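The primary structure of each chain is shown beneath.
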Amino acid sequence: MPSEEPIRVLEAKVAELRQMVVDGELDLKEELELLERKLHGLKEKRYASLSDWDRVALARHTDRPRGLRLVEAVTESFYELRGDRAIGDDPALRGGLARLGGHRAVLLFHHRGATAEEQRTCRSGMAKPQGYRKALRLMDIADRLRLPLVTLVDTPGAYPGVEAEEQNIAGAIAACIARMLSMRVPTISVIHGEGGSGGAIALAVADRVIMLENATYSVISPEGAAAILWKDAGAAPEAAGALRITAPRLLELAIADEVVPEPLGGAHNDPAATADALQAVIVRHLGELHVRSLDERMAMRYKRYRHAGGSRSNPDQG
Amino acid sequence: MPSEEPIRVLEAKVAELRQMVVDGELDLKEELELLERKLHGLKEKRYASLSDWDRVALARHTDRPRGLRLVEAVTESFYELRGDRAIGDDPALRGGLARLGGHRAVLLFHHRGATAEEQRTCRSGMAKPQGYRKALRLMDIADRLRLPLVTLVDTPGAYPGVEAEEQNIAGAIAACIARMLSMRVPTISVIHGEGGSGGAIALAVADRVIMLENATYSVISPEGAAAILWKDAGAAPEAAGALRITAPRLLELAIADEVVPEPLGGAHNDPAATADALQAVIVRHLGELHVRSLDERMAMRYKRYRHAGGSRSNPDQG
Amino acid sequence: MPIRRDDRGRYVEVELGRVEESLWLRCTECGELVFRRKLRETNHICPRCGAYFFLTAQERIASLCDEGSFQPLTVGHSSSDPLGFVDRRPYEERLAEAQSLTGLRDAVMVGRARVSGHPVMLAVMDFRFIGGSMGWVVGEEIATAIEGAAEGKNPFVLVVASGGARVQEGTVSLMQMAKTVAARSLLAEAGIPFIAVLTYPSTGGMLASVASLADVTVAEQGAMIGFAGPRVIEQTTGERLPAGFQTAKFALEHGIVDQVVTREALHDELGRVLGVLTEGGHAE
Amino acid sequence: MPIRRDDRGRYVEVELGRVEESLWLRCTECGELVFRRKLRETNHICPRCGAYFFLTAQERIASLCDEGSFQPLTVGHSSSDPLGFVDRRPYEERLAEAQSLTGLRDAVMVGRARVSGHPVMLAVMDFRFIGGSMGWVVGEEIATAIEGAAEGKNPFVLVVASGGARVQEGTVSLMQMAKTVAARSLLAEAGIPFIAVLTYPSTGGMLASVASLADVTVAEQGAMIGFAGPRVIEQTTGERLPAGFQTAKFALEHGIVDQVVTREALHDELGRVLGVLTEGGHAE
Ligand SMILES: [Zn+2]
Ligand SMILES: [Zn+2]
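Bear in mind the structure is a predicted one, so any value in this text is a computation, not a measurement.

## Some remarks on the overall build of chain C
Consideration 1: The secondary structure content of chain C amounts to 10 helices and 12 strands.
Consideration 2: Across the 284 residues that make up chain C, the buried fraction comes to 61%.
Consideration 3: In chain C, the share of contacts with a sequence separation of at least 24, taken over all contacts with a separation of at least 6, comes to 68%.
Consideration 4: Just so you have it, chain C exposes about 10,400 Å², and 47% of that area is on carbon and sulfur atoms.

Right, dumping it as C-alpha cells:
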C-alpha cells in the first residue's frame, strides 16, 4: 500500500519530536500536540477512504495478526490437536481445543507461518487434503463433545499440487462443506485475512460469518481475475473492486453477517485491540446462538445456504 | 488335508468305471452302484469326523468359492464401487451395490484373487487402510440409501506393511468396528473362509454373524499360536483345536449365530449349492431383521457386543 | 466443439464461431476433418482416432436419456448478474452471447427423464456456456432439481461439465458450492440415490462441492477431473505433472471415482446402477 | 522392568524374576546398572542415557494421579478362561503366575482419580500381565470404567500398554475389540471426553479398537505404536523397516497422534487437556 508512505514519514518525525520532549531537550509540547492531531487527521482521511485494492493490501499485510499468534491472542488457552489419522498432519490448517471468553470451543484456523522457514512448510496457509481431513476430525470432536466450532479463515486458497490432487483435495473440501452444514453445535467463522476460494469456504459455512474490516473473501484473487478476464495483470485493482470481495461489500451482499472494525490503519497497528474486539464479537454471537434450539439453528443454517446469494424473480418462468 | 487322498483315489476309479458303463464297454451297473454307495459312506464317515485342523485346511482350500466369484453366485446383480476418495482403491477389499434374493443391499467382501497375478495384487485378501476406508464409505452409503449391509469375510488378516502402518491401519479397523456398531440399517456378516483377526472383525460386527461350516474365525492363525505359545510350528493342529476357531465351536460360544452346512467334502465340491444355501440364509435373516424397529435392532446389537464373550460371575467382587 | 489436451497438459479450443458455421470439424488430436453429421452418429467421438469431443447439454441428454423422455423443469431463472459485473465487457453481454450460442438460459439443463426405463431427475451442464461455470442460476437450478428429486423419490443424476465457479459473480458464485451441498442433504434424508457423471471438464468449485458427494461416481473416458488447473499447479509449485494427470484413469487409480466408462457404454452403465438401486425387490 | 528395542527393531526383555530380586536394574540401552530406588525417583528413566523403562500400572498411577486420589472401581472380574485353554501349560497357571507377579487381577487397573485436580475415570494397563493383552476381563473392566465415566460425567483416560489381544482366549479376546468400541459410544452419546495415552507398547487389537478412538491422543516418548509387529511385517512383506518406525515421533508425523510428550511432562499435559475441556466456563 504505497499511499501509506506520507503517513509513515510524518509518524516517524512525530515520534522523534516526542522523544525530544521526553528527553527534555526541547519544550515543544504545543507543536507536538498540533502535529499529532494533524497526523490523526491524515490517518482518518486516508483510511476512511480505503479502496477495495487498499483493503486487499491490508488483508495481505505481512504484519497483520494471523494464525497461531492470533489464536493465542483471542483465546485464554489452546490445546492443539494434530493429524488426520490417515496421511499426516498439515501445519497450514491447524486446530484444537480452546477456551475463549470463558467458552469452551473447538478451533480451526489457517496458519501461514511466522518465519520464512515456517512459511515454506506451511505453504503460506495453503492447506493440503490432510489439513481438511484433520478439520473433519475436529468437527466430529466438536459435535461429540458439544463444543461450538469457531474457525479463523486466512488462506490464499487450497494447495494446488500433484499430491493434493492424488489425495482428492476437491473431495476433502466438499466433505468439509457438507460437514459444516451438518454440525449440531453452534458454528462461527471469522474471515480475518484472505478468504481464498474453495480453501476458505471449506471452513466458512457457519451459523455466523464475521469479517474483519480489511479482510477479503473471494472466488479468485484480483490478480487471477485480471489475468483471465481483463487479460491484463495491471487490472488487479479494478478487478478487486468489480469482484466486491471486501468486508463492507460482502456485508451488503449478506454473505458476511457482521464486520468488525479494525484499529486505524489496519489490524497490524494494534493486534491486541484487534484480538479483543474479535473475541468480544465471537463471544456475543456464541451467546446468541446458545439460546437457540438445535432445530432452530439447523433450520436457519440450511435456509441461509440454500438461499445463498439471495433470491431472484423468475422473469421468464415457463 | 492329506486324509482326503483315499477318497480322491476311489472317486477317480468310480469315475473311470462310470465312463466305461456310459461307453457301453462293460455291464457293471450293479458293481458301480455298490462302489458309489461305498464312496458316499466313506465321505460321510470322513467328513462327519472332521477335526478342527481339517476345517482349517478346508477354509483355506484353493478351490473354495470366494471373493468376486462367490459374490456373483450369491447375487442376482452386483455393481462395484471403488476407491476410498483419499488414497486409492484396494482390490483386496471390495464392495458395491447388489441385489440378492430380491433384496437390495450394500455388499462388502474380501477378494484374494483368482489368478496368481491377481493374488499378488490382492495380497491374498489382506486389505490395506484404503480398503477399510472404502468400506467406511460404503457403510455410509448403506445408511444413507437405507440398504442393508452384507459382508462376506475371508482374509488371513489385515495387511502388515510399512505403508499400511504409515496410513494408520489400526485406526481404519477401529473406525470400521465403530461404524458397524452405529449402522442404522440391518447388518449381516458371513464368515465363509478364514476370518483372520482384526482384518476380519472390522467387517464382522453385525446384527447376525453367520459362518459356513468349514470357515474359521480367529484372533491368530493356528501356526502363529503354535509358534508363540507352543514354541513349535508342528503344534498348529493342536492350536487349531485349543483356540476353538471353527464354526461349530464358535456357535457354542455364541460368537456365531448360525452355521450353514456345506456340501459333503466342503464348499468347493459344490460351489453352486453353497451359494444357494448362503443366499437363502442371508435372505431369511434380512427378513427377520427387517420386521424389527430401528431402536430394537440398535439395542440388540449394542447389547450383543457389550456383552460379547458372555457374562461371568464376579467371585471376588470387592 | 473439439477441445483436447495438448502434450503440456493444456487445452486447445477451436473457435466456436467458425466451427458453428462449418460443415466440418477439425479433430485437434489427429487433424482429421470430420463431417458434422458423421460426428453426431459417432456420439462426437473422432471416427479416425477415437478422441472425445465434449457434448453440449442437448447432445448429452439425447445420448443418455430414453428417446423423448426429457421433460425440462420449469425453473427458468435467467440473467443473474448479482454484482453488476463489468470487466472488459459487461457480464450481461457475455451472458446474452452465451445464451444465443447455446440456446440455454445458463450452463445447466434440468429436468425429468428416463434412463433405460428408470425415471430420474437429471441435471446436465454445458461447457459452452462460460466454461460450464457455476453462478447463482446454475446453483439454484441444481438445488431445485435436487429438491424435485427428493420430493418425487427419483434418483438424481448430475452430469458435470464445468470449469468451476463463475468468476463474474464473485463470492456469490462461491456460495453456490454451499447451496448445492446443502440441497444434497435432502437426498440423504430421503434415502434417494445420487449419481454423478464426471465428463470433460469436472474441475474447481464444482468438483469441490456437490459433484464430489454422489453415492455413485462414474467418469466418462476423456474426462478431466481435478481441483486446480494444470497451469496453476505448475506455476505455484514448480512441479512437473505426471503423464495422465487428472484423467479419468488417474481418478480411478487414486480412488476418486467408482468406474470409468466409454461414452457409448454410459447409457447402459447408468441403467445398471439404476437397476441395482431401484428396480423391484424389497427396500427397507 | 527394562525393555527396549535393539537395532533390528526387536525387543529385549530382562528376565523379570531376577530383576525383581535385584537391587539394581541393567539399562538395556547403555548397560548402566541403576539402583532401583533411584529409578523410582527418575520416573523409571535411565539417569545415564535417558532411556524409558515401562511402568507398572501401579507406578503409572502414582506418576499420573494427584497423590492418594486413585480409588479402584470394585469391578473385580478375575480368572476368565473361556476356552479352558492349554498350550504347553494351562492358561489358568499363567494367569495365576501373572497375578502373583503383578498383584493385579488382570492386565488393567480401573478407578476414579484426580489429575491436576480434575476428576477422571482412569484405566491403566500393565505390560507385565501377559504382555498387557486384552482378554475378557480387560475388555469388561475397560467397558465398565467407560460406563462409570459416562454415568459420572467424568472424562475417561485410558493409558495403553498392550501387545494386543489375549491369544489364550481365542476369538473371545477378538470380541473385546467390539465390546470396548461399543462402550466407547456411551461417551460420545453423553458428550464426555476420552483421552488416550499411548505408551510402550500400543499395538495389535488394542490399537485397532478403543485405543484409536479417543478425542485426544497423547503418545509418551518411548512408546511403540503400530498394528503389526516389526517381525511380522518383515516376514510377510520382505520390507525393510525405516528408522524410527512405529515410534511416537513416527505416529505424530503420520497424523496418528496429537502430541508426543516426555514422561515427566505427561501429568501436566493431561492437566492442560482436562483444563481446556472441563474447567468452569460455558458448555452448551
Ligand atoms: Zn481424431
Ligand atoms: Zn541407560
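## So, the interface of chain C and chain A
Consideration 1: Between chain C and chain A, the contact holds 59 residues from the first and 49 residues from the second.
Consideration 2: Buried surface at the junction of chain C and chain A, both sides included, amounts to about 4,400 Å², of which 66% is carbon and sulfur.
Consideration 3: Taken together, chain C and chain A are joined by two salt bridges.
Consideration 4: Measuring nitrogen to oxygen at the nearest pair gives 2.6 Å for the salt bridge that ties Arg306(A) to Glu147(C).
Consideration 5: Joining chain C to chain A, the criterion identifies 13 residue pairs in polar contact (both at pLDDT 80 or more).
Consideration 6: Elements that contribute at least two residues to the side of chain C that touches chain A include exactly α5 (136-152), α6 (170-190) and α8 (230-237) of chain C.
Consideration 7: Sort the elements by how many residues they give to the side of chain C that touches chain A and α6(C) lands first, with 15 residues.

## As for the pattern of salt bridges
Consideration 1: Tallied over the full model, the rule gives 77 salt bridges over all chains.
Consideration 2: Residues Arg94(A) and Glu118(A) are paired through a salt bridge, measuring 3.9 Å at the closest nitrogen-oxygen approach. With a gap of 24 residues between them, Arg94(A) in strand β2 (residues 93-100) and Glu118(A) in helix α5 (residues 116-121) connect regions that are remote in the sequence.
Consideration 3: With a relative accessible area of 10%, Arg94(A) lands in the buried category.
Consideration 4: Residue Glu118(A) is classed as partly exposed on the basis of its relative accessible area of 23%.
Consideration 5: Taking the shortest distance from any N to any O, the salt bridge between Arg179(B) and Asp143(B) comes out at 2.9 Å.

## Considerations on helix α4 (residues 67-74) of chain B
All names here are of chain B.
Consideration 1: Looking at α4, one finds that the buried residues are Gly67, Leu68, Leu70, Val71 and Val74. The buried side chains of α4 occupy one side of the element, clustering within an arc of 160° when seen end-on. Facing away from the buried side of α4 by more than 90 degrees, the exposed set consists of Arg69 and Glu72.
Consideration 2: The secondary structure elements touched by the buried residues of α4 are β1 (77-81), β2 (93-100), β3 (103-110), β4 (149-155), β5 (187-196) and α13 (271-290).

## Here we look at the interface of chain B and chain A
Interface extent is often summarised as the accessible area lost during association of the parts.
Consideration 1: Contact with chain B, which involves seven residues of that partner, is made by seven residues of chain A.
Consideration 2: Roughly 490 Å² of surface becomes buried between chain B and chain A when both sides are summed, with 42% attributable to carbon and sulfur atoms.
Consideration 3: Summed over the shared surface of chain B and chain A, the number is zero salt bridges.
Consideration 4: The tally of links from chain B across to chain A stands at four residue pairs in polar contact (both at pLDDT 80 or more).

## Comments concerning helix α6 (residues 129-144) of chain A
Consideration 1: In this model α6(A) runs 23 Å from its N-terminal to its C-terminal C-alpha over 16 residues, within 8% of the 22 Å that 1.5 Å per residue would give.
Consideration 2: Of all the 16 residues making up α6(A), 14 are buried; the element is thus mostly covered by neighbouring parts of the structure.

## Quick word on the packing of helix α3 (residues 57-64) of chain D against helix α10 (residues 263-278) of chain D
Residues and elements named next belong to chain D.
Consideration 1: Taken N-terminus to C-terminus, the directions of α3 and α10 make an angle of 60°; their axes are 9 Å apart at the nearest point. As judged from the angle between their axes, α3 and α10 are oblique. Residues Arg60, Ser63 and Leu64 of α3 lie in contact with α10, whose contacting residues are Arg263, Leu266, His267 and Leu270.
Consideration 2: Of the residues in the contact of α3 with α10, the class split is three nonpolar, two polar and two charged.

## Structural notes on the nonpolar core
Consideration 1: Counting 365 residues, the largest nonpolar core has Tyr217(A), Tyr217(B), Phe156(C) and Phe156(D) as its most contacted members.
Consideration 2: Broken down by element, the residue count for this core peaks at 10 residues, all from α6(C).
Consideration 3: Those residues in contact with Tyr217(B) that lie beyond four places of it in its chain are Ile191(B), Gly195(B), Ala200(B), Ile201(B), Ala204(B), Met211(B), Ile245(B), Leu250(B), Ile255(B), Thr171(D), Leu174(D) and Met175(D).

## Notes on the domain arrangement of chain A
Residues and elements named next belong to chain A.
Consideration 1: You can read the domains of chain A as domain 1 (5-49) and domain 2 (54-306).
Consideration 2: Inter-centroid distance (C-alpha atoms) of domain 1 to domain 2 is 36 Å.
Consideration 3: In this assembly, seven residues from domain 1 lie in contact with five residues from domain 2.
Consideration 4: Across the domain 1/domain 2 interface, buried area totals approximately 480 Å², and carbon plus sulfur atoms make up 53% of it.
Consideration 5: Three residues, Arg8, Arg46 and Tyr47, lead the burial of domain 1 against domain 2; their summed loss comes to 68% of the area buried on that side.
Consideration 6: Here domain 1 is connected to domain 2 by zero salt bridges.
Consideration 7: Per element, the largest residue contribution to the side of domain 1 that touches domain 2 is five residues, and it comes from helix α2 (residues 29-48).

## A short note on empty space enclosed by the protein
Residue and element names in this part refer to chain D.
Consideration 1: Inspection of the entire model under this criterion finds five cavities of 30 Å³ or more.
Consideration 2: Looking at the second largest cavity, the residues that line it are Phe54, Leu55, Arg60, Val124, Met125, Phe127, Val159, Ala161, Thr199, Tyr200, Glu220 and Arg263.
Consideration 3: Residue assignment for the lining of the second largest cavity shows that the elements contributing at least two residues are β7 (118-125), β8 (156-162) and β9 (194-203).
Consideration 4: Its residues placed into classes, the lining of the second largest cavity shows eight nonpolar, one polar and three charged.

## Considerations on the environment of Glu80(B)
Residues and elements named next belong to chain B.
Consideration 1: Checked against the element boundaries, Glu80 lands in strand β1.
Consideration 2: Remark: the alpha-carbon pair of Glu80 and Glu44, spanning 36 residues in sequence, is separated by 39 Å.
Consideration 3: One polar contact links Glu80 to Arg94, side chain to side chain, over a distance of 2.8 Å.

## Here we look at the side chain of Asp126(D)
All names here are of chain D.
Consideration 1: Locating Asp126 in the fold gives a position in the loop between β7 and α5 (136-152).
Consideration 2: For Asp126, a relative accessible area of 0% gives the class buried.
Consideration 3: Of the polar contacts made by the side chain of Asp126, one reaches the backbone nitrogen of Ala57; its length is 2.8 Å.
Consideration 4: Discounting residues that sit within four places of it in the chain, Asp126 has contacts with Thr56, Ala57, Gln58, Leu104, Ala107, Gly132 and Ala161.

Criteria and cut-off values
- Residues numbered from 1 in each chain as written.
- Chains lettered and ligands numbered in written order.
- Predicted model: local features only at pLDDT ≥ 70, side-chain atom pairs only at ≥ 80, totals over all residues.
- Heavy atoms only, no water.
- Helix = DSSP H or I, 4+ residues; strand = E, 2+ residues; numbered from the N terminus.
- Buried < 20%, exposed > 50% of the residue type's maximum accessible area, 1.4 Å probe, protein only.
- Contact = heavy atoms within 4.5 Å.
- Areas by Shrake-Rupley, 256 points an atom, 1.4 Å probe, with all protein chains shown as cover.
- Buried area = accessible area lost by both parts, 1.4 Å probe.
- Salt bridge = Lys/Arg side-chain N within 4 Å of Asp/Glu carboxyl O.
- Polar contact = N/O pair within 3.5 Å; in protein donor to acceptor, adjacent residues only side chain to side chain.
- Arc of directions from axis to C-beta.
- Expected span 1.5 Å × (residues − 1).
- Axes fitted to C-alpha atoms, helices over the stretch in contact; angles between N-to-C directions.
- Parallel < 35°, antiparallel > 145°, perpendicular 65-115°, else oblique.
- Nonpolar A, V, L, I, M, F, W, Y, C, P; charged D, E, K, R; others polar.
- Core = buried A, V, L, I, M, F, W, Y, C linked by side-chain atoms within 4.5 Å.
- Domains from an automatic or database assignment.
- 1 Å grid on protein atoms, 1.4 Å probe; cavity = no way out; pocket = protein on both sides within 12 Å on 5 of 7 lines; lining within 4 Å.
- Points joined across faces, edges and corners; volume = space filled by probe spheres on them.

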